[in-house]
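Below, each chain spelled out in residue letters.
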Amino acid sequence: MYKLDIGWPKIPEYFTGQTFCVAVDSLHGLVYVGQRGDNVPKVLVFSEEGYFLYSWNNTVEMPHGIFVSNTATDSSVWITDVGTGKYGHTVKQYSPSGKLMQILGTPGNAGSSLIPLQFDQPAEIFVEESGDTYVVDGDGGMNNRLLKLSNDYKAIWLTGTNGTGIGQFKIPHSVTLDPFGRVWVADRDNKRIQVFDKVTGEWLGSWSSCFSEDGPYSVRFTANYKYLIVAQLNINRLAILAAPLVGSIGDCVMVNTVQLADETKPHLVDVDMKSGAVYVAEIGAQQVQKYVPLS
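Residues numbered from 1 in each chain as written. Predicted model: local features only at pLDDT ≥ 70, side-chain atom pairs only at ≥ 80, totals over all residues. Heavy atoms only, no water.

S.K.: Mind showing me how you'd approach the overall build of the chain here?
M.R.: Helix and strand counts for the chain stand at zero helices and 24 strands. For 295 residues, the compact-globule estimate of 2.2 N^0.38 gives 19 Å, and the C-alpha radius of gyration of the chain, at 17 Å, lies within 12% of that figure. Looking at the 295 residues of the chain, the share that counts as buried comes to 57%. Contacts in the chain between residues at least 24 apart in sequence constitute 44% of all its contacts with a sequence separation of at least 6. Here the chain contributes 22 positive and 30 negative side-chain charges, whose respective centroids are spaced 1 Å apart. (Helix = DSSP H or I, 4+ residues; strand = E, 2+ residues; numbered from the N terminus. Rg over C-alpha atoms; globule rule 2.2 N^0.38 Å. Buried < 20%, exposed > 50% of the residue type's maximum accessible area, 1.4 Å probe, protein only. Contact = heavy atoms within 4.5 Å. Lys, Arg positive; Asp, Glu negative; His and termini not counted. Charge placed at Lys NZ, Arg CZ, Asp CG, Glu CD.)

As structure tokens, this is what we get:
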């Protein structure tokens, strides 16, 4: 279903740290990469053709998740920061050039799950065109929850505590939405995907049968919403799952897999909703790879 674009990026040497996350701005043809390390730029920006454009480093400590939000008037880059220093435990909005525009959370302070905008290692963010925002919090901290915020960053609902039961999480690691009003969460250490109603936060179902070997690290839909792309870091694999249409989410059906090289460690992915290309951030190989659909 996919083939590796071996010419992307043109110069891989720009990857100088551990590449944890990738986000596609398909409207403007840009790809943002978040990487970690000492004395490395934390955000790299490439063209979708693979040319390095620029980088920035402003107030980013340890990027975990990254997301590009486009509205009618502007575009912005959201980063979840799991650092333990003065910028960590936050979800931050930047301009495309790296100017800090908004901070959610209290920088440097890990939060309790009782306070909506107090994060503890927030893992990923997904922003709808309406501005409604979904955050999975967190990546191994004291919080295990899914949070929905309004476009003025007030909590609409939050759900989840630490545990293995229905609607509970053990490291909610990635979040995305489908066109049918459902929120999909990679519940990593419970080795399942859980699904919620975007309006109410009500639990709609879960998938676990595809994840006996390794839990899901990412959730992203293909451009036609027919499939879900899931990274499985410990077995170096991308799983391609059939996405259910309206109605019951049913059981997990694995349609195909992309086996990556040993020690690649795919962490998070993003999909170009125009071209269908899949970008994979690999913390073992310390690179982002681009997979293009076979026509």
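Structure's up, so let's keep going.
S.K.: What is the right way to look at the layout of surface pockets in this model?
M.R.: One way to see where empty space is left: roll a probe the size of a water molecule over the atoms. Considering only enclosed or pocket space, the largest pocket measures out at about 660 Å³ in volume. What lines the largest pocket is a set of 24 residues, and nearest its centre among them are F67, V68, F126, E129 and M273. Counting residues per element, the ones that place at least two in the lining of the largest pocket are β2 (18-25), β6 (63-70), β10 (122-127), β14 (172-177), β18 (220-221) and β22 (266-271). Of the residues forming the lining of the largest pocket, the biggest block, four residues, is contributed by β6. (1 Å grid on protein atoms, 1.4 Å probe; cavity = no way out; pocket = protein on both sides within 12 Å on 5 of 7 lines; lining within 4 Å. Points joined across faces, edges and corners; volume = space filled by probe spheres on them.)

S.K.: Help me understand unusual backbone geometry in this model?
M.R.: Excluding glycine, a negative phi dihedral is what most residues carry, and trans is how most peptide bonds are arranged. In this structure, the amide linkage connecting W8 to the following residue, P9, adopts the cis form with an omega of -10 degrees. Summarising the element assignment, P9 is placed in the loop between β1 (2-4) and β2. Note the cis peptide between D137 and G138, where omega equals 20 degrees. Counting through the fold element by element, G138 comes out in the loop between β11 (133-137) and β12 (145-149). With phi around 55 degrees, N39 is a residue other than glycine that occupies positive phi space. Unusually for a residue other than glycine, T59 sits at a positive phi of about 55 degrees.

S.K.: Can you help me understand the nonpolar core in this one?
M.R.: Most often, soluble globular proteins keep nonpolar side chains buried together rather than apart. By size, the foremost hydrophobic cluster in this structure holds 30 residues, and its most contacted members are Y32, W56 and I79. In contact with Y32, not counting residues within four places along its chain, are C21, V22, A23, D25, V43, L44, V45, Y54, I66, V68, V77 and P96. Grouped together as the second largest cluster of nonpolar side chains are 23 residues, L104, V136, L146 and F169 included. (Core = buried A, V, L, I, M, F, W, Y, C linked by side-chain atoms within 4.5 Å.)

S.K.: Help me out: how do you make sense of the sheet that holds strand β21 (residues 254-259) in this one?
M.R.: Spatially, the four strands line up as an open sheet ordered β18-β19-β20-β21, and their pairing is antiparallel. Each having just a single partner strand, β18 and β21 make up the two edges of the open sheet. (Pairing = 2+ DSSP bridges.)

S.K.: Looking at this model, I keep getting lost on the packing of aromatic side chains. Mind explaining?
M.R.: One pair of aromatic rings is described through two measures. These are the centre distance and the angle between the planes. Inspection of every chain in the model, using the stated rule, returns 13 aromatic pairs. For the ring pair Y14 and F52, a centre distance of 3.8 Å and an interplane angle of 10 degrees mean the geometry is stacked. Note that Y14 is positioned in the loop between β1 and β2 and F52 in strand β5 (residues 52-56), a separation of 38 residues in sequence. Judged by relative accessible area, which is 34%, Y14 ranks as partly exposed. Residue F52 is classed as partly exposed on the basis of its relative accessible area of 24%. Geometrically, the ring pair formed by F67 and F126 is tilted, given 4.8 Å between the ring centres and 50 degrees between the ring planes. In this pair, F67 is assigned in strand β6 and F126 in strand β10, connecting sequence segments 59 residues apart. Accessibility classification places F67 together with F126 in one group, the buried group. An aromatic cluster is built from W8, Y14, F15, F46, F52 and Y279, whose rings are joined through pairwise contacts. The aromatic ring of Y51 is capped on one face by K10, whose charged end is 5.3 Å from the ring centroid. When the ring centre of F20 is taken as reference, the NZ or CZ atom of R36 above it lies at 3.5 Å. (Phe/Tyr/Trp six-rings, centres within 6.5 Å; stacked < 30°, edge-to-face > 60°. Lys NZ or Arg CZ within 6 Å of the ring centre and 35° of its normal.)

S.K.: What should I look at first to understand the sheet that holds β1 in this one?
M.R.: Backbone hydrogen bonds hold the strands of a sheet together, and the pairing may be parallel or antiparallel. Strand order in the open sheet formed by four strands is β1-β24-β23-β22, with antiparallel pairing between adjacent strands. In this open sheet, the two edge strands, each paired with only one partner strand, are β1 and β22. Ignoring strand direction, the axes of neighbouring strands in this sheet form an average angle of 30 degrees. Summarising the sheet, β1 and strand β24 (residues 287-293) pair through three bridges and their orientation is antiparallel. Bridged to Y2 within β24 is P293. (Axes fitted to C-alpha atoms, helices over the stretch in contact; angles between N-to-C directions.)

S.K.: I tried to follow the environment of D178 on my own but got confused; where do I start?
M.R.: Topologically, D178 is positioned in the loop between β14 and β15 (182-187). Assessed through its relative accessible area of 8%, D178 is described here as buried. Counting along the chain gives 43 residues from D178 to F221, while the straight-line C-alpha distance between them is 7.4 Å. The residues touching D178, leaving out its near neighbours within four places in the chain, are W184, F221 and Y225. Of the polar contacts made by the side chain of D178, one reaches the backbone nitrogen of G181; its length is 3.3 Å. Polar side-chain contacts of D178 include one of 2.7 Å to the side chain of R182. (Polar contact = N/O pair within 3.5 Å; in protein donor to acceptor, adjacent residues only side chain to side chain.)

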